[in-house]
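Residues per chain, in single letters:
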Amino acid sequence: MRLSQYYIPTLRETPSDAEVISHKLMLRAGMIKKAAAGIYSYLPLGLRVIKKVENIVRKYMNEAGAIETLMPAVVPAELWKESGRWFVYGKELLRIKDRHDREFCFGPTHEEVITDIVRNDIKSYKQLPINLYQIQTKFRDEIRPRFGLMRGREFIMKDAYSFDVDNDGAEISYNKMKEAYCKIFEACGLEYRMVDADSGAIGGSFSHEFMVLADTGEDFVISCDNCSYSANIEKAVVVDIPIENNEQFAEIEKKYTPKQKTVEDVANFLNLPSSKIVKTMILKVDEEIVAVMVRGDHELNLPKVKNFLSGSTIEFAGKDDIEHVSNGPIGYSGPIGLKCKIYADNAIKYLKNYVVGGNEKDLHLLNVNHDRDFKVDEFGDFRNATPGDICPECHKGKFQITKGIEVGHIFKLGTKYSDSMNCVFLDKDGKPKPMVMGCYGIGIGRTAAASIEQNHDEKGIIWPVQLAPFEIVVVPVNTNDDEVIKTADNIYSSLLNKGVDACIDDRNERAGVKFNDADLIGYPLRINVGKKTLAEGCVEIYIRKTGELIKVKAEEACDKASEILEELKIK
Ligand code: 9G3
């Protein structure tokens, strides 16, 4: 590509509404342009990166035996009504009507459409297993779209769906995707972790997330410092470790605590550590009201409570339910006298003489003890993991916490959609059976954005070779020198002949402008062809990642540069 003929509208100023670095740099490097909140155009340079991600994804999906298809973006409401999800999702599902007043939605994901395809065409166990995927634009009407391509409303997703005759088959399909995903993120040059995730469903389902490690990530990744255990914060198992406690039981005491709202307030007011305060949260699991107690210095984990109680929905109880079970106001709930089941986090087993809410405004109770003062129905793991917790796998290492960006998510789905939409096949005995499904997603734009979050400096992007819009930019430094122009052109042509994805910055601009743009855009290599070095028959190869500047003979530049590219790919 000759940049004089190309379109890269770089910006000098950082756009004020961009909060994260990838968003800022993509806008500044002329890769994307905002059309509306959470809706972006991919400008030529941005599109090149997107295509590189897509092609890596395609390569390994095809290699794993998945077959590419393309489903409609506009989906008839009937299919979503059949699965029941038309009524589950609120405004996040963008609903539209055609000229005949027929209802549609802009597809936010395609379980329904694929299930409809497969149930019509696949009748026999002989046609299974099958895994179909697409790379497609989706729409989810998020309340707060932010962070550019990281959390847009319109976004490109690779979504795949596998169909098997039974659970064992589904597990094989799942594992194939797991391996393909590892290869994909490896090939993208990303530092990532595969973590155990909550599948959100009950019974034999499981799920993994693929997280790109970056300080700016919004997700927390828990990993063991001794073995390979890795899980997201929702899922990370906290081991129940007994803590010796020789305290004598003390007399229960009422304490007036006016205006002390948070755990921290109460702890300071009573001059106690927050681990001595126990929070009692009133929750609604499906239709049942329950209380869950966790230590003041711990965080409640809703998915763990939901799974423990085999519930399908969980939320904090409303004011009326709280008043009903506690006879007291919201914010002062405690276990004594509660008219509902009480569950407590394991850590509370080893606690004595702690502080709880008094079920009365401005009242707390001191020196409370379970068994003596109230009954815990069941103990369990109901809190988020914290750094330093003992690893559930090797029982030696300790948890550490890092930040990550979710770029992929795989699920073993089971028969949720095949049951509701009657997607059945005839088994060997001619009996109809529901297909066992899996679904597998990768955020294409988010993967590109996550790469920037992981690879940048104050000057701009530092693309891994595999995702770079161009692998090399050749810069003729003095545009009025024939020898410079000729040599730059020669190097550019030989790079193209060698199959290197190169461009030449032949714009009539000062060298400083070209260098700044090149640093901002983040080409892995830049070849400077200048009058001064050319006098000795030499050009310079600049490595964006390390800042190294290597002087080579002009005729060796092409070979040397492609050698360096190969090395960069491996690191
Ligand atoms: C909706 C809306 C938002 C949604 C969904 C449905 C998330 C929804 C989960 C998934 C799961 C998998 C296929 C590829 C792998 C992930 N947000 N999800 O189902 F209607 Cl508005 O999308 N889908």
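Definitions and cut-offs
Residues numbered from 1 in each chain as written. Predicted model: local features only at pLDDT ≥ 70, side-chain atom pairs only at ≥ 80, totals over all residues. Heavy atoms only, no water. Helix = DSSP H or I, 4+ residues; strand = E, 2+ residues; numbered from the N terminus. Polar contact = N/O pair within 3.5 Å; in protein donor to acceptor, adjacent residues only side chain to side chain. Contact = heavy atoms within 4.5 Å. Core = buried A, V, L, I, M, F, W, Y, C linked by side-chain atoms within 4.5 Å. Buried < 20%, exposed > 50% of the residue type's maximum accessible area, 1.4 Å probe, protein only. Domains from an automatic or database assignment. Buried area = accessible area lost by both parts, 1.4 Å probe. Salt bridge = Lys/Arg side-chain N within 4 Å of Asp/Glu carboxyl O. Nonpolar A, V, L, I, M, F, W, Y, C, P; charged D, E, K, R; others polar. Phe/Tyr/Trp six-rings, centres within 6.5 Å; stacked < 30°, edge-to-face > 60°. Lys NZ or Arg CZ within 6 Å of the ring centre and 35° of its normal.

Caption draft 1: Geometry of the side chain of Thr 447. Residue position: Thr 447 is located in helix H10 (residues 444-454). There is a polar contact of 2.5 Å between the side chain of Thr 447 and the backbone oxygen of Gly 443. Apart from the residues within four sequence positions on either side, Thr 447 is in contact with Val 53, Phe 185, Cys 188, Leu 190, Val 407 and Ile 442.

Caption draft 2: Seen up close, the nonpolar core. Residues Met 31, Met 61, Tyr 181, Ile 184, Phe 185 and Tyr 523 are the most contacted members of the largest nonpolar core, which totals 62 residues. With 8 residues, the single largest contributor to this core is helix H2 (residues 44-63). Structurally, this core is a two-domain feature, drawing no fewer than three residues from each of domain 1 (3-237 + 401-452) and domain 3 (470-568). Within the second largest apolar cluster, 26 residues are counted, among which are Val 484, Ala 502, Ile 504 and Val 529.

Caption draft 3: Up close: the domain arrangement of the chain. One can read the domain layout of the chain as domain 1 (3-237 + 401-452), domain 2 (253-380) and domain 3 (470-568). Between domain 1 and domain 2, the residue contacts involve 8 residues of the former and 7 residues of the latter. Taking both sides of the interface into account, the surface hidden between domain 1 and domain 2 amounts to around 480 Å²; carbon and sulfur atoms contribute 43%. Taken together, the links from domain 1 to domain 2 amount to 0 salt bridges. Summed over the shared surface of domain 1 and domain 2, the number is 3 residue pairs in polar contact (both at pLDDT 80 or more). Here the residues of the side of domain 1 that touches domain 2 sort into 4 nonpolar, 1 polar and 3 charged.

Caption draft 4: Structural context of the pattern of salt bridges. This structure, assessed with the given rule, holds 42 salt bridges. We note a salt bridge from Glu 68 to Arg 58, for which the minimum N-O separation is 2.8 Å. Taken together, the positions of Glu 68 in strand S3 (residues 67-68) and Arg 58 in helix H2 put the pair 10 residues apart, joining distant regions of the chain. Arg 151 is paired through a salt bridge with Glu 142; the nearest N and O atoms lie 3.8 Å apart.

Caption draft 5: Region of interest: the packing of aromatic side chains. Counting across every chain of the model gives 14 aromatic pairs. Centroid distance Tyr 174 to Tyr 440: 6.4 Å. Interplanar angle 50 degrees. Geometry classified as tilted. Taken together, the residues span a long stretch of sequence, with Tyr 174 in helix H5 (residues 167-187) and Tyr 440 in strand S24 (residues 436-443) at a distance of 266 residues. A ring pair is formed by Phe 470 and Tyr 523, whose centres lie 6.5 Å apart and whose planes are at 40 degrees; its orientation type is tilted. Here Phe 470, found in the loop between strand S26 (460-461) and strand S27 (472-476), pairs with Tyr 523, found in the loop between helix H12 (511-521) and strand S29 (525-529); they are 53 residues apart in sequence, far enough to count as distant. For Phe 470, a relative accessible area of 1% gives the class buried. Lys 352 extends its terminal NZ or CZ atom over the ring of Phe 249, reaching a point 5.3 Å from the ring centre.

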